[in-house]
Amino acid sequence: MRWLLIAGTSGLALILAASAGLAQQATSDGAPQQAFNNSCRTCHTVKEGDNRLGPNLHKIIGRKAGSLPDYAYSSAMKDAGFAWDQDKLARFIANPDEIVSGNKMKPYTGLSVEETGKVIAYLQSAGGQP
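Here the structure is a predicted model, which means the values were calculated and not measured. (Residues numbered from 1 in each chain as written. Predicted model: local features only at pLDDT ≥ 70, side-chain atom pairs only at ≥ 80, totals over all residues. Heavy atoms only, no water.)

S.K.: In this structure, what is going on with the state of the cysteines? I would like to understand it.
M.R.: Two cysteines whose sulfur atoms are joined by a covalent bond form what is called a disulfide. Applying the stated criterion across every chain yields a total of 0 disulfides. Not engaged in a disulfide, the cysteine Cys40 finds its nearest cysteine sulfur in Cys43; these two sulfurs lie 8.8 Å apart. Given the relative accessible area of 14%, Cys40 is considered buried. Relative accessible area serves as the criterion here: at 27%, Cys43 is assigned to the partly exposed category. (Disulfide = S-S within 2.5 Å. Buried < 20%, exposed > 50% of the residue type's maximum accessible area, 1.4 Å probe, protein only.)

Shown next as structure tokens:
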């Protein structure tokens, strides 16, 4: 059990380090946007007001979970009681049910640490941060 805790903590540290490093880099190479497009764009957009199968992710960082007025969130997401930050977002991308059990993000399998960092960097650079 102790090994799992250490491994989980190390993985989270890598996700956060990767997302922080990528957020500081210029995104001119397109890798962060490509990661978002490959993994998230089918259900999400970063365009304000453009909800699809999933809610739009415009200014997601700092926004209260389940709070967009024009999206039908699960009760679990509406009642989550937190605002999205890099840590919560990285952990949610890695394992949505661990952060908000009963969410509607199905079927979904988590991304690699590297891809998660790229997605978060894209969200920050494309209006994902207030």
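S.K.: What's the story with unusual backbone geometry in this structure? I'm lost.
M.R.: Most peptide bonds are trans, and most residues other than glycine sit at a negative phi. Located in the positive-phi region is Lys59, a residue other than glycine, with phi close to 55°. Topologically, Lys59 is positioned in the loop between helix H2 (31-39) and helix H3 (75-78). The class of Lys59 is partly exposed, set by a relative accessible area of 41%. (Helix = DSSP H or I, 4+ residues; strand = E, 2+ residues; numbered from the N terminus.)

S.K.: What am I meant to see in the nonpolar core here?
M.R.: Considering soluble globular proteins, one finds that nonpolar side chains tend to be buried as a cluster. The biggest cluster of nonpolar side chains holds 24 residues, and the ones touching the most others in it are Phe36, Ile60, Met77, Trp84, Leu89, Val119 and Leu123. Elements with a minimum of two residues in this core: H2, helix H4 (86-94) and helix H6 (113-128). For Trp84, the residues in contact, after removing those within four places along its chain, are Ile60, Ile61, Gly62, Arg63, Ala65, Met77, Leu89 and Phe92. (Core = buried A, V, L, I, M, F, W, Y, C linked by side-chain atoms within 4.5 Å. Contact = heavy atoms within 4.5 Å.)

S.K.: Just checking my understanding: could you explain the packing of aromatic side chains for this structure?
M.R.: Ring pairs (aromatic) are described by centroid distance and by the angle formed between their planes. Throughout the structure, instances matching the rule amount to 4 aromatic pairs. Aromatic side chains Phe36 and Tyr122 sit 5.0 Å apart centroid to centroid with 40° between the ring planes, which places their arrangement in the tilted category. Linking Phe36 in helix H2 with Tyr122 in helix H6, this pair joins segments that are 86 residues apart in sequence. For Tyr122, a relative accessible area of 12% puts it in the buried group. Summarising the aromatic geometry, the rings of Trp84 and Phe92 are spaced 5.1 Å apart at their centres and angled 70° between planes, so their arrangement reads as edge-to-face. Residue Trp84 is classed as buried on the basis of its relative accessible area, which comes to 7%. Connected via pairs of aromatic rings, a cluster forms that spans Phe82, Trp84 and Phe92. Of note, Lys88 hangs over the ring of Phe82, and the distance from its end group to the ring centre comes to 4.8 Å. (Phe/Tyr/Trp six-rings, centres within 6.5 Å; stacked < 30°, edge-to-face > 60°. Lys NZ or Arg CZ within 6 Å of the ring centre and 35° of its normal.)

S.K.: Please clarify how the layout of surface pockets should be interpreted in this entry.
M.R.: Any empty space left between atoms is shown by rolling a water-sized probe over those atoms. Approximately 650 Å³ is the volume attributed to the largest pocket. Lining the largest pocket we find 33 residues, and of these His44, Gly54, Pro55, Phe92 and Met105 sit closest to its centre. Residue classes in the lining of the largest pocket are distributed as 19 nonpolar, 9 polar and 5 charged. (1 Å grid on protein atoms, 1.4 Å probe; cavity = no way out; pocket = protein on both sides within 12 Å on 5 of 7 lines; lining within 4 Å. Points joined across faces, edges and corners; volume = space filled by probe spheres on them. Nonpolar A, V, L, I, M, F, W, Y, C, P; charged D, E, K, R; others polar.)

S.K.: What exactly am I supposed to notice about H4 here?
M.R.: Leu89, Ala90, Phe92 and Ile93 are the residues of H4 that are buried. Looking down the long axis of H4, one finds its buried residues gathered within 165° of arc, a one-sided arrangement. A distance of 3.2 Å separates the backbone nitrogen of Asp87 from a side-chain oxygen at the start of H4, and that oxygen is part of Asp85. (Arc of directions from axis to C-beta. Polar contact = N/O pair within 3.5 Å; in protein donor to acceptor, adjacent residues only side chain to side chain.)

S.K.: Where do I start with the pattern of salt bridges in this structure?
M.R.: Pairing between side chains of opposite charge can happen when their charged atoms approach one another. By the definition in use, this model includes 4 salt bridges. For Asp87, the salt bridge identified is with Arg91, shortest N-O distance 3.2 Å. One end of the pair is Asp87 and the other is Arg91, both in helix H4 and 4 residues apart, which spans about a single turn. Note on Arg91: relative accessible area 27%, which makes it partly exposed. The partner of Lys118 in a salt bridge is Glu115, and the shortest N-O contact between them spans 3.3 Å. Of the two residues, Lys118 and Glu115 both sit in helix H6, 3 residues apart, roughly one turn of that helix. A relative accessible area of 23% places Glu115 in the partly exposed class. Residues joined by salt bridges that share partners form a network here, namely Glu114, Glu115 and Lys118. (Salt bridge = Lys/Arg side-chain N within 4 Å of Asp/Glu carboxyl O.)

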